[in-house]
Amino acid sequence: MRLQRIFRHLVLPHWWVLRALPAASLQRIERAVAASESMHRGELRVVVEANLPLSGLWRGQSARARAIELFSQLRVWDTEENSGVLIYLQWIDRRVEIVADRGINACVGQAFWDGVCRQMESAFRSKDFEGGTLLALRTITAALAEHFAATGEKSNELPNAPLVL
């Protein structure tokens, strides 16, 4: 299984993900993130990765471990109110992971994030990649608006555009 996984990650090109999420879809997701963040004090970051780095593959890195690594590298944990949320789509392994900072995670818990991931995976099985991502953003927006309601003007701490790796 390990060699098969490594082979898939090495053979499929990184741009493969753009077939499912073309530029127009990525722009709509970016606008949805911006609209979401106007409703609460949280910060959202969407990352789509086709191929895991070879070093991670060799170590058998899981999608969850990679999401946590990116959560740190992209400084999603470093938001002012500990309300950052990373939505990570690992394309080749067909995994969705959400990593949330301690502020919002204390309010909703891991079961909430797992439920959002399963919603997305269900939509993805139906080939509705953009719709599944937008649904997740709406669900997360409602939670952030409930627990971190907007209180006026705020700075945008993280980029709104999805990051495609």
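Preceding this paragraph is the structure being described.
A few points on the structure. Here the structure is a predicted model, which means the values were calculated and not measured. (Residues numbered from 1 in each chain as written. Predicted model: local features only at pLDDT ≥ 70, side-chain atom pairs only at ≥ 80, totals over all residues. Heavy atoms only, no water.)

## Some details on the overall build of the chain
For clarity, the threshold we go by: Helix numbers and strand numbers start at the N terminus; a helix is a DSSP run of H or I with at least 4 residues, a strand a run of E with at least 2. Radius of gyration: over C-alpha atoms. The globule rule applied is 2.2 Å multiplied by the number of residues raised to the 0.38 power. Think of it in three bands: with a 1.4 Å probe and only protein chains considered, a residue is buried below 20% of the maximum accessible area for its type, exposed above 50%, and partly exposed in between.
The helix and strand inventory of the chain stands at eight helices and four strands. Along the chain, from the amino end to the carboxyl end, the secondary structure elements read α-α-α-β-α-α-β-β-α-α-α-β. Here the C-alpha atoms of the chain give a radius of gyration of 15 Å, agreeing with the 15 Å that 2.2 N^0.38 yields for 165 residues. Taken across its 165 residues, the chain has 46% of its residues classed as buried.

## Describing a nonpolar patch on the surface
In plain terms, the rule: Without a salt bridge and with relative accessible area above 30%, a residue can belong to a patch; like charges are then joined within 9 Å and nonpolar side chains (Val, Leu, Ile, Met, Phe, Trp, Tyr) within 5 Å. Only the protein chains shown count as cover for residues, with accessible areas throughout obtained via the Shrake-Rupley method and a probe of 1.4 Å. Salt bridges are defined by distance alone: a side-chain nitrogen of Lys or Arg within 4 Å of a carboxyl oxygen of Asp or Glu.
On the surface, a nonpolar cluster with roughly 420 Å² of combined accessible area is contributed by F7, L10, V11 and L54. Mapped onto the fold, L10 is located in helix 1 (residues 2-11).

## Considering the pairing of strand 2 (residues 84-90)
To keep it simple, the criterion reads: A pair of strands is treated as paired once DSSP finds two or more bridges between them.
Burial within strand 2 is extensive, with seven of its seven residues counted as buried. Residues of strand 2 alternate between two faces, with G84, L86, Y88 and Q90 on one and V85, I87 and L89 on the opposite face, all of them buried. Taken together, the seven bridges between strand 1 (residues 43-49) and strand 2 define a ladder with parallel strand orientation. When the sheet's bridge partners are listed, L44 is paired in strand 2 with V85. Sheet topology places strand 2 next to strand 3 (residues 95-100); six bridges connect them, and they run antiparallel.

## Regarding the packing of aromatic side chains
Applicable threshold: Only rings of Phe, Tyr and Trp enter the pairing, Trp through its six-membered ring, and a pair is recorded when the two centres are within 6.5 Å. The plane angle decides the type: under 30 degrees is stacked, over 60 is edge-to-face, the rest tilted.
Tallying each qualifying case throughout the model produces four aromatic pairs. Aromatic pair W91 and F129: ring centres 5.0 Å apart, planes at 55°, arrangement tilted. With W91 in the loop between strand 2 and strand 3 and F129 in helix 8 (residues 129-147), this residue pair connects regions lying 38 residues apart in the sequence. An identical accessibility class is assigned to W91 and F129; each is buried. Taken together, a centroid distance of 5.4 Å and an interplanar angle of 50° make the contact between F124 and F129 tilted. Take F124 and F129: they sit in the same class, and that class is buried. By way of ring pairs, the aromatic residues W91, F124 and F129 are connected into one cluster.

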